[in-house]
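Architecture and fold: a report
Below, each chain spelled out in residue letters.
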Amino acid sequence: MPEITYREAVRDAIATAMRESDDVFIMGEDIAEMGGSMGVTQGLLEEFGKERVRNTPISEMALAGAAIGAAMQGMRPIAEIMYEDFLTLAAEQIVNQAAKVRYMSGGQLTVPVVFRTQGGAGWSPGAQHAQQLESWFVHIPGLKVIFASTPEDVRGLLWSAIHDDNPVVFFEHRTLYGIKGSVPEKIEAIPIGKARVHREGEDVTVIATGRLVHEALKAAEEAESQGISVEVVDPRTLQPLDEETLVASVKKTNRAVVAHEAVTRMGFGAEVASVLQYQAFDWLDAPIERVGAKFAPLPFAPVMEQFVVPHADDVLQAVLRTVGKS
Amino acid sequence: MAKVEERRSTLPKGDLKDVLREMLLIRRFEEKVEERFRAGELPGFLHVAIGQEASAVGVCRALEDGDVISSTHRAHGHTLAKGTHPNELMAELYGKTEGCSHGYGGSMHLFDVQRGNMGANAVIGGGLPHITGAALTFQMRGEPRVAVGFFGDGATNIGTFHEALNMAQLWQVPAVFVLEDNKWAESTPESQHSPLRDLSERAKAFGMKAIKADGQDVEAVFKAARQALEHARSGKGPVFIHLDCVRFHGHYIGDPQVYRPKDEAKELRETRDPIETLRDRLGLSDDEFAELDTEVTEIVEASVEFAKAGTDPAPEDALKNIYA
């Protein structure tokens, strides 16, 4: 199994899909010569040319909307939204159009488009370049939402997203681009809607997304040294949600922590907590703990930024609370 | 050769009676929609295109097989002109499964993909980027097709309009953007919503070719559309068509139009009714016109019967068609 970075994994999924079908193409801001603001699309222009690796003006509405129009005509476009904060500019097209065209047409149309984007704190980009906005989109019927945390997952899930007939909002985490992980020799599709159990445990389940998967794994190691066995589960797909795997894990451990980098209040974790309390109420031995960012925009000064977003220790403290050790 | 091209660029005289018939069908259809709405039979918001029949028919007649359109909230005329049967349209307005969107869309979300209708849009300007994207697809696939987006003067102020047209011109995609300028953005007159008195000037900002035509004259509309479509289809880039149009009725059915001078619509109707204009040009006698009228009125009546006899969706069908 080769080792590649998360960035290379994203690129590999895009390039392989483009090699296999002329219907797949990518467009976005600064993705051609520059190779994308995060370097994800480097080398694609040379291989596929500027028609299929298409630089766009700074026009998120038209970029998203043109991708939707192309998808309605049978293409499989990948629209790169440079920072997920800019999804707000494209939101009309994603929420009112992509998500609803199939429905409003009574099933006549499909919109096989992927809106790839990235964000995340940890490098002081400030309040407009690092938000985590996945909960905005999981609330919209008609969209699928994916947030992968490892090279293997990001490659296999992006592959599935490109080949899915529905609009997919695909979140990548900025700080994960450099991490390495082993991947299968040949791309294997990972089913959309299937969680991954990263680590098995007996006492507490931590359900984490994005960067927090890695923080949760660190916290789990520390907890183990204190005699607490932690199971770490990454839903990977936020919509549809693999409720079965999450509930089964909590029924086994009887305790749950939900962790994401996005603001805790009204976050994705609130929905997960609701699913768990309803489906595993009789199995729960402690209140479900939630870990996320404090209710503040992301500040610039590194010390403030570190204070706002959660880290491994926040997950650990939540785990300890569930077993009455804090 | 020049003669052939000339013929193709204007509506053949022999077709004009049929064009009149189609415009009259739209008129009678819309009047029936008003009547049935007021009778309490039709749910939702309804915006009729009474007075704007020439733009829909003139543009859609100029299209080739394979060309696609996107429409606006005022979509009934475009939808009929693009070939959807009045029965299917009326059934949609009644929320029936036989409707062109199977009851999922309604008046503002009319789709007929088989006939090249990519959908009406209830968000002003919402469909324009889709036209750029559809045209991009035709360009990338080397298909001789054109994507045509209708929009109103109110849409010329929204971001999607500017972004979609800018991108279309930048990439030289085969798109035609048809402005139906009826001088009203809902209740707001053009003088209050745009700094420009000539909205074709908008095209200049993108370096896009613009053509102006009288939107109340179906022959002029057809000619402009043919010219624009040929330009776009031959790879010379998108075209902006500015049609000077008139909205005879309110923004929506039931609109008391307190914002509009009382006699304005009446005066415009006397001088700029596209149906009367063509009828005069053809020199139709009262009997001949009455015959056409009877024919289309019967079609419209039949569409109401068809719709009323249609099937209500099961409530739980609301959970279908969300995902492919």
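Residues numbered from 1 in each chain as written. Chains lettered and ligands numbered in written order. Predicted model: local features only at pLDDT ≥ 70, side-chain atom pairs only at ≥ 80, totals over all residues.

A few words on the overall build of chain A. From N to C terminus, chain A includes 11 helices and 14 strands. In terms of overall dimensions, chain A is globule-like: its C-alpha atoms have a radius of gyration of 19 Å, near the 20 Å expected for 326 residues. Overall, chain A is about 60 × 45 × 40 Å in size when its C-alpha atoms are taken along their principal axes. The proportion of buried residues among the 326 residues of chain A is 57%. Restricting to contacts in chain A with at least 6 residues of sequence separation, those with at least 24 account for 78%. (Helix = DSSP H or I, 4+ residues; strand = E, 2+ residues; numbered from the N terminus. Rg over C-alpha atoms; globule rule 2.2 N^0.38 Å. Buried ≥ 20, exposed ≤ 12 C-beta atoms within 10 Å, placed from the backbone. Contact = placed C-beta atoms within 7 Å.)

Before going further, it helps to examine the interface of chain B and chain A. On the chain A side, the residues contacting the 32 residues of chain B number 33 residues. Elements with a minimum of two residues in the side of chain B that touches chain A: strand E2 (117-120), helix H6 (128-141) and helix H7 (159-171) of chain B. Sorting elements by how many residues they give to the side of chain B that touches chain A places H6(B) first, with nine residues. Along the lines of polarity and charge, the residues of the side of chain B that touches chain A split into 16 nonpolar, 15 polar and one charged. (Nonpolar A, V, L, I, M, F, W, Y, C, P; charged D, E, K, R; others polar.)

Here we take up the sheet that holds strand E4 (residues 76-81) of chain A. Residue and element names in this part refer to chain A. With mixed pairing, the seven strands of this open sheet are ordered in space as E3-E2-E4-E5-E7-E6-E12. Here the strands that pair on one side only, and so sit at the sheet edges, are strand E3 (53-55) and strand E12 (237-239). Averaged over all neighbouring strand pairs, the angle between strand axes comes to 20 degrees, with direction disregarded. As paired strands, strand E6 (residues 144-147) and E12 are joined by two bridges and run antiparallel to one another. By the bridge assignment, Val145 is partnered in E12 with Gln239. Sheet strands touched by helix H1 (residues 6-20): strand E2 (24-28), E4 and strand E7 (168-173). Its angle to E2, the strand with the most contacts, is close to 130 degrees. Relative to the sheet, helix H3 (residues 60-72) contacts E2, E4 and strand E5 (114-119), its axis offset from that of E4 by approximately 170 degrees. (Pairing = 2+ DSSP bridges. Axes fitted to C-alpha atoms, helices over the stretch in contact; angles between N-to-C directions.)

Here we come to the domain arrangement of chain A. All names here are of chain A. Under the domain assignment used here, chain A contains domain 1 (3-182) and domain 2 (196-322). Between the C-alpha centres of domain 1 and domain 2 there is a distance of 26 Å. Domain 1 puts 24 residues into the contact, and the matching count from domain 2 is 24 residues. Listed by contribution, the elements that provide at least two residues to the side of domain 1 that touches domain 2 are helix H5 (134-138), E6, helix H6 (151-163) and E7. Of the residues contributing to the side of domain 1 that touches domain 2, the split by class is 12 nonpolar, nine polar and three charged. (Domains from an automatic or database assignment.)

What follows deals with the nonpolar core. Core analysis: the biggest nonpolar cluster contains 197 residues, and A:Val206, A:Val315, A:Val319, B:Val176 and B:Ile241 have the highest contact counts within it. At 10 residues, the largest contribution of residues to this core is made by H3(A). No fewer than three residues from each of domain 1 (3-182) and domain 2 (196-322) of chain A sit in this core. (Core = buried A, V, L, I, M, F, W, Y, C linked by C-beta atoms within 7 Å.)

Below, the discussion takes up the sheet that holds strand E11 (residues 230-234) of chain A. All names here are of chain A. The strand order across the open sheet formed by five strands is E9-E11-E10-E13-E14, and the pairing between neighbours is mixed. Each edge of the sheet is formed by a strand with only one pairing partner; in this case those strands are strand E9 (196-199) and strand E14 (289-293). Strand-to-strand, the axes of this sheet are offset by a mean angle of 25 degrees, without reference to chain direction. Summarising the sheet, strand E13 (residues 256-263) and E14 pair through four bridges and their orientation is parallel. Residue Val258 lies in a different strand from E14, and its bridge partner there is Arg290. Where helix H9 (residues 268-279) meets the sheet, it contacts strand E10 (204-208), E13 and E14, and its direction lies at approximately 160 degrees from that of E13.

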